[in-house]
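What follows is each chain in one-letter form.
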Amino acid sequence: MNSFPRHKQELPDNWGYDLLRYGNEEIIRGSDTGTLVAFGAIAFQELKGEGLPHQHFGCGMLLFSVLLCAVVHFAVGGATIGRGQHIINGEQETRGNYYFRKTNQLIAWVAAALQFIMTVIGILLVLKSTPPPFLEKHLMSWF
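Right, let's walk through the structure included here. Just so we're clear, the structure is a prediction, and the values are computed from it rather than from any experiment. (Residues numbered from 1 in each chain as written. Predicted model: local features only at pLDDT ≥ 70, side-chain atom pairs only at ≥ 80, totals over all residues. Heavy atoms only, no water.)

**As for helix α2 (residues 53-89)**
The line we're drawing: A run of DSSP states H or I qualifies as a helix once it reaches four residues; a run of E qualifies as a strand once it reaches two. Both are numbered from the N-terminal end. Take the number of residues in a helix, subtract one, and multiply by 1.5 Å to get its expected span.
Under the 1.5 Å per step criterion, the end-to-end length of α2 is 54 Å for 37 residues, consistent within 8% with the ideal 54 Å. Just beyond α2, the residue with positive phi is G90, at close to 75 degrees.

Structure, rendered in structure tokens:
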């Protein structure tokens, strides 16, 4: 049988179970984090009272970063669970499984970078009392 990668690694017997458990924890943690941040953004908006349009836009960016947080955790969890199942079953990773795992890891890294950017911009917009000139010029006409 042809397998990818071509060399077999010796791993401890319980390594597959550890990966399976860790992958499940990541998926659950992503769901929990998304829920907490969404409620936090909604509570902050309510405590501040009626916000300005740029602050609503910032809150929207924060809520979108919650979605990205879930994407990160589901991608990492999916890749980890798949690898753990192969180790438990004593199977070598096929080329398709390898590329699926690597794609999930790439998705997680891209989503994490976008999440960081969206979170920083969202926090700055929610905390500012006046909209930035660029946002006021190009985006406020839509609100």
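**Points about the nonpolar core**
Most often, soluble globular proteins keep nonpolar side chains buried together rather than apart. To keep things clear, this is the line we draw: Only buried Ala, Val, Leu, Ile, Met, Phe, Trp, Tyr and Cys residues count toward a nonpolar core, and they belong to the same one when joined by side-chain atoms within 4.5 Å. Note on exposure labels: buried denotes an accessible area under 20% of the residue type's maximum, exposed denotes more than 50%, and partly exposed covers the range between, all computed with a 1.4 Å probe on protein chains only.
In terms of nonpolar packing, the biggest core is built from 8 residues, these being M61, L68, V72, A111, M118, L125, L135 and L139. Contributing elements (two or more residues each) for this core: α2 and α3 (95-127).

**Description of a nonpolar patch on the surface**
Operational definition: Excluding any residue in a salt bridge, patches collect residues exceeding 30% relative accessible area, merging like charges within 9 Å and nonpolar Val, Leu, Ile, Met, Phe, Trp and Tyr side chains within 5 Å. The Shrake-Rupley method, run with a 1.4 Å probe, gives the accessible areas here. Residue values count only the displayed protein chains as cover. For salt bridges, the criterion is a side-chain nitrogen of Lys or Arg within 4 Å of an Asp or Glu carboxyl oxygen.
Together, F116, I117, V120, I121 and L124 make up a nonpolar patch on the protein surface, roughly 470 Å² of accessible area in all. Examined against the element boundaries, V120 turns out to sit in helix α3.

**Re the packing of α2 against α3**
This is how the line gets drawn: Angles shown run from 0 to 180 degrees and are taken between the N-to-C directions of axes, each axis being a line fitted to C-alpha atoms and, for helices, limited to the stretch in contact. Any angle that is under 35 degrees is reported as roughly parallel, and any over 145 degrees as roughly antiparallel; angles of 65 to 115 degrees are reported as roughly perpendicular and all others as oblique. Whether a crossing is left-handed or right-handed is set by the direction in which the near helix is turned from the far one by less than a right angle, anticlockwise for left-handed and clockwise for right-handed. Polar here means any residue outside two lists: the nonpolar Ala, Val, Leu, Ile, Met, Phe, Trp, Tyr, Cys and Pro, and the charged Asp, Glu, Lys and Arg; Gly therefore counts as polar.
Relative to each other, α2 and α3 sit at 160 degrees, their axes nearing to 7 Å. By the criterion of interaxial angle, the relationship of α2 to α3 is roughly antiparallel. Regarding α2 and α3, the two cross each other, and that crossing is left-handed. Grouping the constituent residues of the contact of α2 with α3 by class yields 22 nonpolar, 11 polar and 2 charged.

**Remarks on the packing of aromatic side chains**
The condition is simple: Ring pairs shown here join Phe, Tyr and Trp side chains whose ring centres sit within 6.5 Å, with only the six-membered ring taken for Trp; geometry is labelled stacked below 30 degrees between planes, edge-to-face above 60, and tilted in between.
Per the stated rule, a full pass over the model turns up 1 aromatic pair. Ring centres 5.4 Å apart and planes at 70 degrees place the aromatic pair Y98 and Y99 in the edge-to-face group. Residue Y99 is classed as partly exposed on the basis of its relative accessible area of 42%.

**Here we look at the side chain of S65**
For clarity, the threshold we go by: Between N or O atoms, a polar contact is any pair within 3.5 Å; within protein, one atom must be a potential hydrogen donor and the other a potential acceptor, and residues adjacent in sequence are included only when both atoms are from side chains. By definition, residues are in contact when any of their heavy atoms lie within 4.5 Å.
Turning to its location among the elements, S65 is positioned in helix α2. Overall, the relative accessible area of 4% leaves S65 in the buried class. A distance of 3.5 Å separates polar atoms of two side chains, one belonging to S65 and the other to T119. Those residues in contact with S65 that lie beyond four places of it in its chain are Q115, M118 and T119.

**Some words on the side chain of E93**
Take E93: it is sitting in the loop between α2 and α3. Assessed through its relative accessible area of 5%, E93 is described here as buried. At 2.7 Å, the side chain of E93 and the side chain of R101 are in polar contact.

**Topic: the environment of H73**
Along the chain, H73 falls in helix α2. When the C-alpha atoms of H73 and I27 are compared, they prove to be 5.3 Å apart, with 46 residues separating the residues in sequence. Here H73 is in contact with E26, I27, R29 and G30, once residues within four sequence places are set aside.

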